[in-house]
Amino acid sequence: MKCRNCGTEIPDQALVCGNCGTPVEPYDSQEQRRKEQEEYRRNTRNEERFASAGCARASLILGILSILSITMPYITIILSLAAIAFGILGSRSRRRGQAIAGIVMGAVMLLTGMVLLVCLSALEPYEEELTNLFYNYLNNYTQ
C-alpha cells in the first residue's frame, strides 16, 4: 500500500506512514486503490518525461558549447562527453531530435578535440621555432 500524502510504500498493517507521519486510512474498495495507483504511475511518467526533455536540451546546448570551445581541446572533450551522456539520457523524451543532435555534435567534437590534442602534442617540441616564425612573418607583413 502507498501513502496518500507522500507516495511512500508502507506495510498494509501500518497505522501511520513511516516517512511523513500521515495516518493511514484503509481502502474502501479495490477500485479506489487501483485509481490511486494509476494516478501515481501517471505522475511518475510525467516527471520522467520532463527530466528526459531537460536532458535532451542540455545535450544540445553542451554540443553547441563544445563546438564553440574548439580552441581549448581539453574543455571540448569534456563538453563533448557530457553532451553524449545527456543525449543518451534524453533520447526517450519528446525532444528526441535535440538529444540526437547533441549526441552527433558531441561525437564529432570529441573526435575533433582528440585529433587536435594529438596534433598539438606533436608540435610541442617545435613550439619556440613556430612562435619565432609567426612573429617574423607578422613583422614582415606589417612593414
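By convention here, each chain's residues receive numbers from 1 onward along its written sequence. Reporting of local features is limited, given that this is a predicted model, to residues whose pLDDT is at least 70; pairs of side-chain atoms are given and counted only at 80 or more, and all residues count toward the totals for whole chains, interfaces and linings. Side-chain metrics rest on all non-hydrogen atoms present in the structure, leaving aside hydrogens and water.

> An account of the overall build of the protein is needed here, citing residue identities and associated values.
A run of H or I in DSSP counts as a helix once it spans at least four residues, and a run of E counts as a strand once it spans at least two, with each numbered from the N terminus. Of regular secondary structure, the protein possesses four helices and zero strands. Walking the protein from its N terminus toward its C terminus, one meets helices and strands in the order α-α-α-α. Each of the 143 residues in the protein was classed as buried or not, and the buried ones make up 24%. Only heavy atoms enter the contact rule, under which two residues are in contact if any of them lie within 4.5 Å. Restricting the contact set of the protein to residue pairs at least 6 apart, pairs at least 24 apart contribute 51%. To be clear on the numbers: accessible area is Shrake-Rupley with a 1.4 Å probe, and residue cover counts the displayed protein chains and nothing else. Accessible surface for the protein amounts to roughly 10,500 Å². Of this, 61% is attributable to carbon and sulfur atoms. Throughout this description, buried means an accessible area under 20% of the type-specific maximum (1.4 Å probe, protein chains only), exposed means over 50%, and partly exposed covers the range between.

> Please provide a residue-by-residue account of the side chain of T76, values included.
Relative to the assigned elements, T76 resides in helix α2 (residues 73-90). Given a relative accessible area of 0%, T76 falls into the buried group. In contact with T76, not counting residues within four places along its chain, are S66, S69, I70, M109 and G113.

> Report on the packing of α2 against helix α3 (residues 96-123), specifying residues and quantitative values.
Between α2 and α3, whose axes approach to 8 Å, the crossing angle comes to 155°. Judged on the interaxial angle alone, α3 and α2 are roughly antiparallel. The crossing of α2 and α3 is left-handed. Two secondary-structure elements touch here, α2 through P73, Y74, T76, I77, S80, L81, A83, I84, G87, I88 and G90 and α3 through A99, G102, I103, G106, A107, M109, L110, G113, M114, L116, L117 and L120. Fitted lines through C-alpha atoms give the axes, limited to the stretch in contact for helices. The angle between two N-to-C directions lies from 0 to 180 degrees. Oblique is the label for every angle not falling under 35 degrees (roughly parallel), over 145 degrees (roughly antiparallel), or within 65 to 115 degrees (roughly perpendicular). For any helix crossing, the convention is left-handed if the near helix is rotated counterclockwise from the far helix by under a right angle, and right-handed if that rotation is clockwise.

> Mind laying out a nonpolar patch on the surface, listing which residues take part and the relevant values?
Two joining distances apply to patches: 9 Å for like charges and 5 Å for nonpolar side chains (Val, Leu, Ile, Met, Phe, Trp, Tyr), and every residue must have over 30% relative accessible area and no salt bridge. A carboxyl oxygen of Asp or Glu within 4 Å of a side-chain nitrogen of Lys or Arg is what we treat as a salt bridge. Together, F134, Y135, Y137, L138 and Y141 make up a nonpolar patch on the protein surface, roughly 610 Å² of accessible area in all. Note that L138 resides in helix α4 (residues 127-142). The class for L138 is partly exposed, based on a relative accessible area of 31%.

> Describe α3, with residues and values.
The α-helix winds at 3.6 residues per turn, so residues separated by three or four positions along the chain end up facing the same way. Taking 1.5 Å of rise per residue, 28 residues should cover 40 Å, and α3 covers 40 Å from first to last C-alpha, within 8% of that figure. Here α3 has its buried residues at A99, G102, M105, G106, M109, L110 and G113. The span one expects for a helix is its residue count, reduced by one, times 1.5 Å.

> Report on the environment of L117, specifying residues and quantitative values.
Relative to the helices and strands, L117 resides in helix α3. What makes L117 partly exposed here is its relative accessible area of 22%. Measuring from C-alpha to C-alpha, the distance between L117 and P73 comes to 6.0 Å, with 44 residues separating the pair along the chain. Excluding residues that lie within four positions of it along the chain, L117 makes contacts with P73, Y74 and I77.

> Before we move on, could you go through the side chain of S80 and cite the residues and values that matter?
Checked against the element boundaries, S80 lands in helix α2. Look at S80 and you get buried, because its relative accessible area is 0%. Within the structure, the side chain of S80 is placed 3.4 Å from the backbone nitrogen of L110, a separation counted as a polar contact. Setting aside residues no more than four positions away along its own chain, S80 makes contact with S66, G106, M109 and L110. Pairing of N or O atoms within 3.5 Å defines a polar contact, subject to two protein rules: one partner must be a possible hydrogen donor and the other a possible acceptor, and residues neighboring in sequence count only if both atoms are side-chain atoms.

> Describe in detail a negative patch on the surface, supporting the description with residues and values.
Counting rule for charge: Lys and Arg are taken as positive, Asp and Glu as negative, and neither His nor the chain ends is counted. Charged side chains are reduced to one point each, which is NZ for Lys, CZ for Arg, CG for Asp and CD for Glu. Taken together, E124, E127, E128 and E129 make up a surface patch of like negative charges. Secondary-structure assignment places E127 in helix α4.

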